[in-house]
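# A look at the structure
As a plain string of letters, each chain reads:
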Amino acid sequence: MNYLIAPQYKLPAEAYFEESWLIQEKRKIFGASWLYAGQTSEFHEHGSYKTIKAGLDELVVVRDKHDQLNAFHNVCRHRGAQLVQGTGQCGTLVCPYHKWTYGLDGHLRGVAKHDQFTDIDNMSLGLHPASVETWMGLVFINANEHPTESLTEWLGDIGKELAPFGADKLELLKSDTISFEANWKFYIENHIDWLHLWFVHPETLAALDHDKGQFEQLGRHWVSYEPAKREHAQAYKTSSPLPDIPHVKDAIGRYSENGAHFIFPNLPIFTGTSFFAIAELIPLTAEKTQMKVNLLGVPGGDEDAFFELFNEITKGEDARIIENIQRNVRSKHFAVGPLAHSYEKAISDFHDHYLKLMDL
Ligand code: FES
Ligand SMILES: [Fe+2]
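Rules and cut-offs
The residue numbers shown here count from 1 along each chain, following its written sequence. To read the labels, note that chains go from A and ligands from 1, taken in the order they are written. Residues qualify for local features only when their pLDDT is at least 70, as the model is predicted, and side-chain atom pairs are given and counted only at 80 or more; totals for whole chains, interfaces and linings, by contrast, use all residues. Computation of side-chain values covers all heavy atoms of the structure but excludes hydrogens and water. Coordinating donors are taken as N, O and S atoms within 2.8 Å of the metal, stretched to 3.2 Å for Na, K and Ca; because water is absent from the atoms, sites can appear incomplete. Angle rules define the geometry names used: all angles between 85 and 135 degrees makes four donors tetrahedral, while opposite donors over 155 degrees apart and all other angles between 65 and 115 make four donors square planar and six octahedral, leaving every other case irregular. Classification of residues uses two cut-offs on accessible area relative to the type maximum, computed with a 1.4 Å probe and protein chains only: under 20% is buried, over 50% is exposed, and between them is partly exposed. Simply put, an axis is a line fit to the C-alpha atoms, just over the touching stretch for a helix, and the angle between two N-to-C directions goes from 0 to 180 degrees. The secondary structure listing takes helices from DSSP runs of H or I that are at least 4 residues long and strands from runs of E that are at least 2 residues long, numbered from the N terminus. Every angle not falling under 35 degrees, over 145, or within 65 to 115 is termed oblique; those three ranges are roughly parallel, roughly antiparallel and roughly perpendicular. For this analysis, residues touch if any pair of their heavy atoms sits within 4.5 Å. Gly counts as polar in this scheme, as do all residues outside two lists: the nonpolar Ala, Val, Leu, Ile, Met, Phe, Trp, Tyr, Cys and Pro, and the charged Asp, Glu, Lys and Arg. What marks off one domain from the next here is an automatic or database domain assignment. We define buried area as the total accessible area lost by two parts upon association, computed with a 1.4 Å probe and summed across both. Any Lys or Arg side-chain nitrogen located within 4 Å of an Asp or Glu carboxyl oxygen qualifies as a salt bridge. In the analysis that follows, any N or O atom pair within 3.5 Å is treated as a polar contact, provided that within protein one partner can donate a hydrogen and the other can accept it, and provided that, for residues neighboring in sequence, both atoms belong to side chains. Following DSSP output, two strands are said to pair if at least two bridges run between them. What makes a nonpolar core is a set of buried Ala, Val, Leu, Ile, Met, Phe, Trp, Tyr and Cys residues whose side-chain atoms join them at distances within 4.5 Å.

Surrounding the iron ion (ligand 2) are the protein donor atoms H196 (NE2), H201 (NE2), D318 (OD) and D318 (OD), at 2.1 to 2.7 Å. Between the four donor atoms coordinating the iron ion (ligand 2), the angles at the centre fall across 53 to 149°, so the site counts as irregular. With relative accessibility at 9%, the residue H196 sits in the buried group.

This part is about the packing of helix α1 (residues 19-30) against helix α9 (residues 345-358). Two elements in contact, α1 and α9, have axes whose closest approach is 9 Å; the angle formed by their N-to-C orientations is 85°. Viewed along their axes, α1 and α9 adopt a mutual orientation that is roughly perpendicular. Contact residues: α1 offers W21, Q24, E25, K28 and I29, while α9 offers Y354, L357 and M358. Residue composition of the contact of α1 with α9, by class: five nonpolar, one polar and two charged.

Here we take up the domain arrangement of the protein chain. Often, the extent of an interface is quoted as the loss of accessible area upon association of its parts. For the protein chain, the domain assignment lists domain 1 (34-152) and domain 2 (162-358). A C-alpha centroid distance of 32 Å is found between domain 1 and domain 2. The interface of domain 1 with domain 2 comprises 13 residues on the first partner and 18 residues on the second. Interface area for domain 1 against domain 2, summed over the two sides, is near 1100 Å², with a carbon-plus-sulfur share of 66%. Where domain 1 meets domain 2, there are one salt bridge. Across the contact surface, domain 1 and domain 2 share three residue pairs in polar contact (both at pLDDT 80 or more). At three residues, the largest contribution of residues to the side of domain 1 that touches domain 2 is made by strand β1 (residues 35-39). Grouping the constituent residues of the side of domain 1 that touches domain 2 by class yields eight nonpolar, two polar and three charged.

This paragraph deals with the pairing of strand β13 (residues 221-226). Within β13, six of the six residues are buried, which leaves it mostly tucked inside the rest of the structure. The alternating pattern of β13 places H221, V223 and Y225 on one face and W222, S224 and E226 on the opposite face, and all of these are buried. Joining the antiparallel neighbours strand β12 (residues 214-218) and β13 is a turn of two residues, in which G219 adopts a positive phi near 65°. Here three bridges tie β13 to strand β14 (residues 258-263), and the two strands are oriented antiparallel to one another. In the strand pairing of β14, E226 is matched with N258.

The residue R109 is located in strand β8 (residues 108-110) in this model. Between the C-alpha atoms of R109 and M123, which are 14 residues apart in sequence, the distance is 9.1 Å. Not counting the four nearest positions on each side in its chain, R109 is found in contact with T101, Y102, G103 and N122.

Within the largest apolar cluster, 90 residues are counted, with the highest numbers of intra-cluster contacts made by W135, I141, L162, F180, F276 and M291. When residues in this core are grouped by element, the largest group, six residues, is from helix α8 (residues 303-326). Two domains each provide a minimum of three residues to this core, namely domain 1 (34-152) and domain 2 (162-358). Y49, A81, L93 and L104 belong to the second-largest nonpolar core, a separate cluster that totals 18 residues.

Below you can see the structure in the form of structure tokens.
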């Protein structure tokens, strides 16, 4: 491998603690990307809806009477109130403020106290459309009505790479949320950092052979796999508290190894023979982040035991170490030195894709 060009850390310290920076990220990164919004199974009937943030924008995804998923800005065309909150089921979207009513296709259907409004043109007062598409049973939204790339284009090679996991054939077993006191990008950078595996997870990942792992940048996204060490291989195979997923266990190649992947901008994914765990990172402030994990797999195992180990790694080890950096980020001596040639290259690539959207 040619190491003539060393990977570079390209963001200043302010990017990790200034709220004004986060607002720009919400506008330019989260507002312009395809973002995970849950599972198609969460929209099981006509009228099932879920609200979700896309950067500064507030969206609602709803299944209409023709079984189609629609996404709209959750902003009433009268005076801007939010129509719905959280998740639920409805026949129409009714604004709680003055009862304007919208169909599940977004059209304005009715205006209360109609005689108070002259010349209302229902057709021009529908909800502002956003975009929604699905991939392998995963729902993604985009705040733009006409995104520059379709979801398939946005995913590129990672869409095909992760297809053998057949997530649309799995069940949503359990969800869990953790939060930590660090900027969301520190979590991503740690997730795609191969160098820390030996040192931050000396026991929890002891059975894995980091030296034999493979990692690969796929456009803006990233995938990685690592086998169990030979002496642990048998024990590792039988140690999961969840049942094996037959089509993953039998898949050819590296799919049965321990996988950690990343869909830009905010979606780590963890895979193995018995699980497909989707971890959505939601910045709460510049220095506080929430991670919502949807565990997919085959029912019949002990999901709590899975999360006990998973949280020990992600919250107990990864989040702790990035909270440690966060406490230093305002120091006048905080600076990032040289990066490891291949083990930390993905961080440099993440910054490139990030900076392209931030347009700094
Ligand atoms: S703000 Fe929605 S009806 Fe008035
Ligand atoms: Fe880690």
